[in-house]
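# An overview of the molecular structure
Each chain, letter by letter, is given below.
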Protein chains: 2
Amino acid sequence: MQVHNFNAGPSILPNEVLYQASKGILDFEGSGMSILEVSHRGKEFTPVMEEARALVRELMQLDDDFEVLFLHGGASTQFMQVPFNLLNSGETAAYTDTGVWAAKAIKEARLFGEVDVVCSGKDDQYHHIPKNFSVPPQARYLHITTNNTIYGTQWASMPDPGIPLVADMSSDILSRQLDFNRFSLIYAGAQKNTGTAGVALVMVRKSFLGEARRSIPTILDYRVHIQNGSVFNTPPVFAIYIAMLTLRWLKAQGGAAALEKINERKAKLLYDEIDNNPLFHCPVAVEDRSRMNVCFVATRPELETPFLDFCKKENIVGIKGHRSSGGFRASLYNAMPEESVQVLVEAMREFARQHGEG
Amino acid sequence: MQVHNFNAGPSILPNEVLYQASKGILDFEGSGMSILEVSHRGKEFTPVMEEARALVRELMQLDDDFEVLFLHGGASTQFMQVPFNLLNSGETAAYTDTGVWAAKAIKEARLFGEVDVVCSGKDDQYHHIPKNFSVPPQARYLHITTNNTIYGTQWASMPDPGIPLVADMSSDILSRQLDFNRFSLIYAGAQKNTGTAGVALVMVRKSFLGEARRSIPTILDYRVHIQNGSVFNTPPVFAIYIAMLTLRWLKAQGGAAALEKINERKAKLLYDEIDNNPLFHCPVAVEDRSRMNVCFVATRPELETPFLDFCKKENIVGIKGHRSSGGFRASLYNAMPEESVQVLVEAMREFARQHGEG
């Protein structure tokens, strides 16, 4: 059965990755053991971890000050781990409020220091990315959420705050070309563009970490993970293996620059249909529209459920909007083929025809 | 190639689990999607999570006060998460020092409150489990590590401290029959007896949690995970799936009582050989010997490396002792077949014959 998987995360993975993983579960590289059964410090897994870290460095073109870590947990763990390591009591961090996930990051940071929310899109139901805001120059860092999965917004260009920039890139990492060296810390749950659930990528500048002025539980201390090459404790071996396979696939596609072009095409195909089809509407400001998560609504609300049913029959999966915002959401992560986007567009057209709008 | 996998963790899994998982990676239950691609809140994964939690409850025969959680991270995360939730500043917790992992738990607890180390096996290189110790009655809880992987010791019977009992059961959970209801909190990394790396099982009494007197980061707050049925954030979906399949297998074997008998037989087979073979010696006090991790040394140190090489030729994998203690360690977790233990015993005999001790 051919399924068109628009899930927001965990989400679609390249077929090549799934075939490799399925084989690796039965016999990893001729070892006679499953990838699930090998030691995390042994000769089977060590090259996987090393390749995964090297691929991140290469694909993001990170300078030598950066360390690449694969850590337990997802972005929700990083929401507190970032300020635990970086925001001393009495210090201020600047945060941008661009949605539910940004707000969760803000909530956790407040447990550790002062938080200056320098802008918010809340009054507009987060349908745009705030533009004109000022950042206090003494703040420890500015935190942004580069792509907002629930609302379908994305920072088209990065702010230049004059202080260290920290980014949650969970839903658009390596989906477009960026100068990643402009950041001081980048984190991302792997389950959208770079793998499956159960591991977070953390890219952090050693010079940014410096000395912490509080006691940090060992497992939450970035410096401990750096000293131990991401194997301080038993890491999430399989999730790192999937990330490595996915990163290999991203490299084979041509890396971030090539994927950006493909992702632009996919997003344009779908936004064009939404803008031209009288049954659908995208409430997001045009300049802030996400290429990763296309959020839209039915112009005739009574057609929302029928359209979901229609999609189901076409094997189009995962386009229901987030439970907090409703409507539809089609996630177009790196692994999503253009053909599946075309299938969705055709379904929208056919649905419109069936409802007298063809 | 038939490999005899004595790895200490990540470690051997049942073949049935690996076959199921390999299929689920390609097409999960006829959904047309991989288990890696489905939503953690969708109709595919929800029954997996529910079955995993129900199986833990059933196999451990937990009473209704217990909640069963599957959380990101392993035991190393629990070392700090337990006192973060349960040890208020100014309160005392009692800890038993039975090895490196117990000592790590102690180190983290000290960040949160007073720690009373009520006994230690350190003077004896942790070759026994301390017996006569007293526990301060006002302590919040007593923490024990039921099995010590590095030294091959195991609590044969549980202490009865008169205060809540907290246990790290990472390396022997569900390998023997216990009255789990005597505990207030039990945690275990899954990668030894109940699955693969990347998830921890936490069984905690609601009545034990009560009110915390400090701010806890949301992702570390057990109460949040209880309220959200272990899906507060995207959980480690695949690791939970493997745990569920492994728990199903454990149930099919007859559960903890049946596995205890098998594990006793396997351990006896190997300890008998060590005690009878002049080339090998087990330094652990007989009454405290672990049925999960059998640690032993060569009586002639110059034969340590030759024996490891000999095992390699016999496809016996993972019997090198932990880097901190040396010697040999054979881990006999639930999924380890008796046949593999027999192969190891035969190898020890043959090796002795080759060295004039046959």
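Structure: see above.
Quick caveat, the model's predicted, so the values are computed rather than measured.

Turning next to the overall build of chain A. Per the secondary structure count, chain A includes 10 helices and 14 strands. In summary, chain A has a C-alpha radius of gyration of 21 Å against a globular reference of 21 Å for 358 residues, a match within 12%. Expressed along its principal axes, the backbone C-alpha trace of chain A runs to roughly 65 × 55 × 30 Å. A buried classification covers 64% of the 358 residues belonging to chain A. Sequence separation of at least 24 residues holds for 66% of the intrachain contacts in chain A that already meet a minimum separation of 6. Total accessible area on chain A stands at roughly 13100 Å², and carbon and sulfur atoms take up 47% of it. Side-chain charges of chain A comprise 35 positive and 41 negative groups, with the mean position of each set lying 2 Å from the other.

Turning our eyes to something else, we now look at the nonpolar core. Among the nonpolar cores identified, the biggest contains 127 residues, and Phe 70, Met 203 and Phe 238 of chain A together with Phe 70, Met 203 and Phe 238 of chain B are the most heavily contacted of them. Beyond its immediate stretch of four places on either side in the chain, Phe 238 of chain A contacts Ala 21, Ile 25, Ile 35 and Leu 36 of chain A together with Ile 25, Leu 36 and Phe 238 of chain B.

Next up on the list: the sheet that holds strand S12 (residues 293-298) of chain B. Residues and elements named next belong to chain B. Across the sheet, which stays open at both edges, the 3 strands sit in the order S11-S12-S14 with antiparallel pairing between neighbours. Two strands in the sheet have a free side with no partner beyond their single neighbour: strand S11 (280-281) and strand S14 (328-331). For S12 and S14, the ladder comprises 4 bridges, and the chain directions are antiparallel. Bridging across to S14, Asn 293 finds its partner in Ser 331. Against the sheet, helix H9 (residues 304-313) makes contact with S11, S12 and S14, and its axis sits at roughly 35° relative to S14, the strand it touches most.

Taken together, the contact between chain B and chain A spans 58 residues of the former and 58 residues of the latter. Interface area, chain B with chain A, both sides summed: about 4300 Å², of which 63% is carbon and sulfur. When the buried surface of chain B facing chain A is broken down by residue, Pro 10, Leu 36 and Glu 37 of chain B rank first, second and third, together holding 14% of it. Inspection of the chain B/chain A interface yields 0 salt bridges. The interface formed by chain B and chain A holds 15 residue pairs in polar contact (both at pLDDT 80 or more) in total. Put simply, the parts of the chain that give the side of chain B that touches chain A at least two residues each are helix H1 (15-26), helix H3 (75-86), helix H4 (100-109) and helix H7 (237-252) of chain B. At 6 residues, the largest contribution of residues to the side of chain B that touches chain A is made by H1 of chain B. Residue classes in the side of chain B that touches chain A are distributed as 29 nonpolar, 23 polar and 6 charged.

This structure, assessed with the given rule, holds 0 disulfides over all chains. Of all cysteine sulfurs, the one in Cys 295 of chain A lies closest to Cys 311 of chain A, which takes part in no disulfide; the gap is 15 Å. Here Cys 119 of chain B is not disulfide-linked; the sulfur of Cys 295 of chain B is the nearest cysteine sulfur, at 19 Å.

Our next topic: the pairing of strand S4 (residues 114-120) of chain A. Residue and element names in this part refer to chain A. As paired strands, strand S3 (residues 92-97) and S4 are joined by 6 bridges and run parallel to one another. For Ala 93, the partnering residue across the bridge sits in S4 and is Val 115. A crossover connection joins S3 to the parallel S4 through helix H4 (residues 100-109); in handedness this β-α-β unit is right-handed.

Secondary-structure assignment places His 40 of chain A in the loop between helix H1 (15-26) and helix H2 (46-60). Apart from residues lying up to four places away in sequence, His 40 of chain A is in contact with Phe 45, Thr 46, Val 231, Asn 233, Thr 234, Pro 235 and Val 237 of chain A together with Gly 9 and Pro 10 of chain B.

Residues and elements named next belong to chain A. Strand order across the open sheet formed by 7 strands is S2-S10-S9-S8-S5-S3-S4, with mixed pairing between neighbours. The two strands at the open ends of the sheet, each matched to only one other strand, are strand S2 (66-71) and S4. Strand-to-strand twist across the sheet, computed as the mean angle between neighbouring axes with direction ignored, equals 15°. With 4 bridges connecting them, strand S5 (residues 142-145) and strand S8 (residues 165-168) associate as parallel partners. Its bridge partner being in S8, Ile 144 is matched across the sheet by Ala 167. Against the sheet, H2 contacts S2, strand S9 (185-189) and strand S10 (200-205), and its axis sits at roughly 130° relative to S2. Relative to S9, helix H3 (residues 75-86) is tilted by about 155°, and along the sheet it contacts S2, S3, S8, S9 and S10.

What counts, and where the lines are drawn
Residues numbered from 1 in each chain as written. Chains lettered and ligands numbered in written order. Predicted model: local features only at pLDDT ≥ 70, side-chain atom pairs only at ≥ 80, totals over all residues. Heavy atoms only, no water. Helix = DSSP H or I, 4+ residues; strand = E, 2+ residues; numbered from the N terminus. Rg over C-alpha atoms; globule rule 2.2 N^0.38 Å. Buried < 20%, exposed > 50% of the residue type's maximum accessible area, 1.4 Å probe, protein only. Contact = heavy atoms within 4.5 Å. Areas by Shrake-Rupley, 256 points an atom, 1.4 Å probe, with all protein chains shown as cover. Lys, Arg positive; Asp, Glu negative; His and termini not counted. Charge placed at Lys NZ, Arg CZ, Asp CG, Glu CD. Core = buried A, V, L, I, M, F, W, Y, C linked by side-chain atoms within 4.5 Å. Pairing = 2+ DSSP bridges. Axes fitted to C-alpha atoms, helices over the stretch in contact; angles between N-to-C directions. Buried area = accessible area lost by both parts, 1.4 Å probe. Salt bridge = Lys/Arg side-chain N within 4 Å of Asp/Glu carboxyl O. Polar contact = N/O pair within 3.5 Å; in protein donor to acceptor, adjacent residues only side chain to side chain. Nonpolar A, V, L, I, M, F, W, Y, C, P; charged D, E, K, R; others polar. Disulfide = S-S within 2.5 Å. Right-handed = clockwise from strand over helix to strand, strands pointing away.

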